[in-house]
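Results of the structural survey
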Amino acid sequence: MKTENAWKKYADKTEVFAFCEAYKDFISSCKTERECVTEMVQQAEKAGYRNIDAIIESGETLKAGDKVYANNKGKGLALYLIGEEPLEKGMRILGAHIDSPRLDLKQNPLYEDQELALLDTHYYGGVKKYQWVTLPLALHGVVSKKDGENVTVVIGEEEQDPVLGISDLLIHLSQKQLQKTAAEVVEGEKLDMLVGSIPLEGEEEEPVKAQILAILKEKYGIEEEDFLSAEFEVVPAGKARDYGLDRSMIMGYGQDDRVCSYPSFAAIMKQEQVKYTSVCLLVDKEEIGSVGATGMQSKFFENTTAEVMNACGQYSELKLRRALKNSMMLSSDVSAAFDPNFPEVMEKKNSAYLGHGMTFNKYTGARGKSGSNDANAEYLAKLRKVMDEEQVAFQTAELGKVDQGGGGTIAYILANYNMEVIDCGVAVLNMHAPWEITSKVDVYEAYRGYCAFLQNM
């Protein structure tokens, strides 16, 4: 059962390329979960979405066609388009995550060593640590000061900005280093970022560190102790780019999972009237187990749905349980694209291919499907029917050969409510690397597939 190359559908590729230009702009400017939420809230409000907190405070009643959102601590977002059917009949949910593998600054990060100033980091999520050295890096974050002020910091993204980076051992002295395994060739505690080398005039003790603190004080009003209540993320510097001589692909940071979260968001923005309440649920912390207040394992989605039902005049504990049970969800996350350089880890009949449309993963997990949500055949049959009727190009895949490894998503967490859930997203090359690769036609087909799901399931 071979799938067709989705590019063959498009004699005129204008819509595909236009959609992906907007996507490239998004992932170029939104490299952290906070930046994603800020941008999406702005776009949602322009499209008529209102904060659920304002609805609650005013005591308004929601009706079919109304649009609301809930912002979870600036790191997660849930958008609801109220449908014609009561919520207890179920929702149609597009769920994705907006965090990505990266390096975080430690709480006490700044130090000086041999007249060089460095920032100490702690990697976040599954990364190959050696991929993060000798790259131009940018610093994105927020500093929360004791007086309640939040200061946003972005260094390394503008043309006139300096970039930062992590040094590597020169090849001439690397004999012992190169004998180590790839997991050990660069250790986590050696991922310290070089940020300065000029001593502050008149400063005797750690003058280079003092110079960096003086720059931060002058530009951002930040003191050293403010690092204690800051969240800084180190990401690759630079914009997403067209990839390939034919410009058919996208190279960008954080496409796991913004290549699914952006089309999910765009799909719900496209809808005006739906039969069943449509939800776009964008969460944090998936890369470290979906834990914490902003991860999928928190009660945020359940609590917010209860508030929405109450504002619709439909809430009861039993009806909330029915709403969750009767829902259908696409757990929108990426899949591993077949790489001709590494065919030995893939099983060709059950792999995702760049350019063959959106990807359905009936199950993920590791080895014996450990940790997997294994979607029901009946649910997959309904999805096949909708995608075929809407002429959405799709493929099915596993995450590599059975004993090679595996991975997980947020699917199993929502499935705990007894709703129908399947993993569905876009194939990615270089997954979890600083620069990941996707096919433009797959991104566009994912958007079309998410629209079809919201309208027809």
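Residues numbered from 1 in each chain as written. Predicted model: local features only at pLDDT ≥ 70, side-chain atom pairs only at ≥ 80, totals over all residues. Heavy atoms only, no water.

**Focus: the overall build of the protein chain**
- Per the secondary structure count, the protein chain includes 10 helices and 22 strands.
- What you see for the protein chain is a C-alpha radius of gyration of 23 Å, in line with the 23 Å of a compact globule of 457 residues.
- The principal-axis extent of the C-alpha atoms belonging to the protein chain is close to 70 × 55 × 45 Å.
- Counting over 457 residues, the protein chain shows a buried share of 55%.
- Considering only residue pairs separated by 6 or more positions, the protein chain has 76% of its internal contacts joining residues 24 or more positions apart.
- Surface accessibility of the protein chain: about 21,400 Å² in total, with carbon and sulfur atoms responsible for 49%.
- On the protein chain, the mean spot of the 50 positive side-chain charges and the mean spot of the 72 negative ones are 8 Å from each other. (Helix = DSSP H or I, 4+ residues; strand = E, 2+ residues; numbered from the N terminus. Rg over C-alpha atoms; globule rule 2.2 N^0.38 Å. Buried < 20%, exposed > 50% of the residue type's maximum accessible area, 1.4 Å probe, protein only. Contact = heavy atoms within 4.5 Å. Areas by Shrake-Rupley, 256 points an atom, 1.4 Å probe, with all protein chains shown as cover. Lys, Arg positive; Asp, Glu negative; His and termini not counted. Charge placed at Lys NZ, Arg CZ, Asp CG, Glu CD.)

**With respect to the sheet that holds strand β1 (residues 50-51)**
- One open sheet accounts for nine strands, arranged β1-β2-β3-β13-β4-β14-β20-β16-β18; its pairing is mixed. The open sheet has two edge strands, β1 and β18 (394-396), and neither has a second partner.
- Both strand β16 (residues 358-361) and strand β20 (residues 420-425) contribute to a ladder of three bridges, which runs antiparallel. Its bridge partner being in β20, Phe360 is matched across the sheet by Cys424.
- The strands touched by helix α2 (residues 33-46) within the sheet are β2 (67-72), β3 (76-81) and β13 (277-283), with β3 carrying the most contacts at an inclination of about 20°.
- Where helix α5 (residues 255-270) meets the sheet, it contacts β3, β4 (91-97), β13 and β20, and its direction lies at approximately 150° from that of β4. (Pairing = 2+ DSSP bridges. Axes fitted to C-alpha atoms, helices over the stretch in contact; angles between N-to-C directions.)

**Some points on the pairing of strand β6 (residues 116-124)**
- Sheet topology places strand β5 (residues 102-113) next to β6; eight bridges connect them, and they run antiparallel. Its bridge partner lying in β6, Arg102 is registered against Tyr124.

**A word on the nonpolar core**
- By size, the foremost hydrophobic cluster in this structure holds 65 residues, and its most contacted members are Leu79, Leu330, Phe360 and Phe453.
- Per-element accounting of this core gives the leading share, 10 residues, to helix α10 (residues 440-456).
- Not counting chain neighbours up to four residues away, the residues in contact with Leu79 comprise Ala44, Tyr49, Val68, Tyr69, Phe265, Ile268, Met269, Ser278, Val279 and Cys280.
- Grouped together as the second largest cluster of nonpolar side chains are 34 residues, Leu103, Ala117, Val143 and Val151 included. (Core = buried A, V, L, I, M, F, W, Y, C linked by side-chain atoms within 4.5 Å.)

**Regarding the pairing of β2**
- Counting buried positions over the six residues of β2 gives five, a clear majority of the element.
- Pairing of β1 with β2, which is carried by two bridges, proceeds in the parallel orientation. Paired with Asn51 across the strands is Tyr69, a residue of β2.
- The handedness of the β1 to β2 crossover, carried by helix α3 (residues 52-58), is right-handed.
- Both β2 and β3 contribute to a ladder of six bridges, which runs antiparallel. Bridge assignment links Ala70 to a residue of β3, and that residue is Ala78. (Right-handed = clockwise from strand over helix to strand, strands pointing away.)

**A look at the packing of helix α6 (residues 300-311) against helix α7 (residues 317-325)**
- Here α6 crosses α7 at 115°, and the two axes come no closer than 10 Å. Here α6 runs over α7; the crossing is right-handed. Of the residues in α7, those touching α6 at Phe301, Glu302, Thr305, Ala306 and Met309 are Lys319, Leu320, Arg321, Ala323 and Leu324.
- For the contact of α6 with α7, the residue count by class is six nonpolar, one polar and three charged. (Left-handed = near helix turned anticlockwise from the far one by under 90°. Nonpolar A, V, L, I, M, F, W, Y, C, P; charged D, E, K, R; others polar.)

**A closer look at the side chain of Asp161**
- Along the chain, Asp161 falls in the loop between β8 (150-155) and β9 (193-196).
- A distance of 3.4 Å separates the side chain of Asp161 from the backbone nitrogen of Glu157, its partner in a polar contact.
- Beyond its immediate sequence surroundings of up to four residues, Asp161 is in contact with Val154, Ile155 and Gly156. (Polar contact = N/O pair within 3.5 Å; in protein donor to acceptor, adjacent residues only side chain to side chain.)

**A look at the packing of aromatic side chains**
- According to the stated counting rule, one finds 12 aromatic pairs in the structure shown.
- Ring centres of Phe26 and Tyr262 lie 5.1 Å apart, and the angle between their planes is 35°; this geometry places the pair in the tilted category. With Phe26 in helix α1 (residues 14-29) and Tyr262 in helix α5, this pair connects stretches of sequence that are 236 residues apart.
- On the accessibility criterion, Phe26 (4% relative accessible area) is buried. (Phe/Tyr/Trp six-rings, centres within 6.5 Å; stacked < 30°, edge-to-face > 60°.)

**A closer look at the environment of Arg241**
- Looking at the element boundaries, Arg241 is found in strand β11 (residues 241-243).
- Note on Arg241: relative accessible area 53%, which makes it exposed.
- Once the C-alpha coordinates of Arg241 and Ile437 are considered, the two residues, 196 residues apart in sequence, prove to be 9.8 Å apart.
- Discounting chain neighbours no more than four positions away, the residues touching Arg241 are Lys24, Met249, Ile250 and Met251.

**Quick look at the side chain of Lys75**
- The topology assignment puts Lys75 in the loop between β2 and β3.
- When its relative accessible area of 12% is taken as the criterion, Lys75 is described as buried.
- Side chain to side chain, Lys75 and Glu231 meet in a polar contact 2.9 Å long.
- Setting aside residues no more than four positions away along its own chain, Lys75 makes contact with Glu33, Arg34, Val37, Ile98, Glu231, Val283, Asp284, Lys285 and Thr294.

**Quick notes on the pattern of salt bridges**
- Using the criterion set out here, one finds 33 salt bridges in the structure.
- Across the pair Glu231 and Arg34 runs a salt bridge whose closest N-O atoms are separated by 3.1 Å. Residue Glu231 is found in strand β10 (residues 230-236), and its partner Arg34 is found in helix α2; the two are separated by 197 residues along the sequence.
- The class for Arg34 is partly exposed, based on a relative accessible area of 26%. (Salt bridge = Lys/Arg side-chain N within 4 Å of Asp/Glu carboxyl O.)

**Quick word on the state of the cysteines**
- Scanning the entire structure with this criterion turns up zero disulfides.
- In this structure Cys20 is not part of a disulfide, and its nearest cysteine sulfur, from Cys260, lies 13 Å away.
- The thiol of Cys30 is not disulfide-bonded; the next cysteine sulfur, from Cys36, is found 5.0 Å away. (Disulfide = S-S within 2.5 Å.)

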